[in-house]
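As a plain string of letters, each chain reads:
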Amino acid sequence: VPDDLLLGLKFIFGPSAVPALDLVDQRSVTRVMAPSGRTAYQVLGSSGKLYTCYSSCHFCTCPAFGFTVLQKSESLLCKHILAVYLSEAIGACQELSVSEEQLSSILLAEEEDEG
């Protein structure tokens, strides 16, 4: 990443920029697609936990998103969502095609983890 672009990312996204780029470098972002066209993203976080992100509604299941983005409004997004956007922009997403039932299971598993 050129220095001027890196500086711009850090200026706009603050402390999420460099960790997000690390996730992109590690190819930690997977686009999960069902035949209907429904799509979600799974990001393997630096802690080894898998987070589900939705670029269509700008949401991540990680605790940082809930706290710094939703509760405190201190950031525009978490490193996982930024990694999704950057991976999409440069074509670095892993691809995983699943059935509708499998995608539903992925989405429901996240709800069970939270509730």
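Use the structure listed above.
Residues numbered from 1 in each chain as written. Predicted model: local features only at pLDDT ≥ 70, side-chain atom pairs only at ≥ 80, totals over all residues. Heavy atoms only, no water.

Moving on to the packing of helix 1 (residues 3–13) against helix 2 (residues 17–25). Direction vectors running N to C along helix 1 and helix 2 enclose 120°, while the axes themselves pass 8 Å from each other. Relative to helix 2, the element helix 1 lies oblique. Residues Leu6, Leu9, Lys10 and Phe13 of helix 1 lie in contact with helix 2, whose contacting residues are Ala17, Val18 and Leu21. Residue composition of the contact of helix 1 with helix 2, by class: six nonpolar, no polar and one charged. (Axes fitted to C-alpha atoms, helices over the stretch in contact; angles between N-to-C directions. Helix = DSSP H or I, 4+ residues; strand = E, 2+ residues; numbered from the N terminus. Parallel < 35°, antiparallel > 145°, perpendicular 65-115°, else oblique. Contact = heavy atoms within 4.5 Å. Nonpolar A, V, L, I, M, F, W, Y, C, P; charged D, E, K, R; others polar.)

Right, let's get into the pairing of strand 3 (residues 50–54). The two faces of a sheet get side chains in turn, since along a regular strand they alternate between them. Most of strand 3 is tucked away, with four of its five residues classed as buried. Here strand 2 (residues 39–44) runs beside strand 3; their pairing, made up of four bridges, is antiparallel. Following the sheet pairing, glutamine 42 is matched in strand 3 by threonine 52. Once strand 2 ends, the chain turns through five residues before running back antiparallel as strand 3, passing glycine 48 with a positive phi of about 95°. As defined by bridge partners, strand 3 adjoins strand 4 (residues 59–60) across two bridges and the pair is classed as antiparallel. Residue pairing in the sheet places cysteine 53 in a bridge with cysteine 60 of strand 4. The turn linking strand 3 back onto strand 4 is made up of four residues, and histidine 58 within it adopts a positive phi angle of 55°. (Buried < 20%, exposed > 50% of the residue type's maximum accessible area, 1.4 Å probe, protein only. Pairing = 2+ DSSP bridges.)

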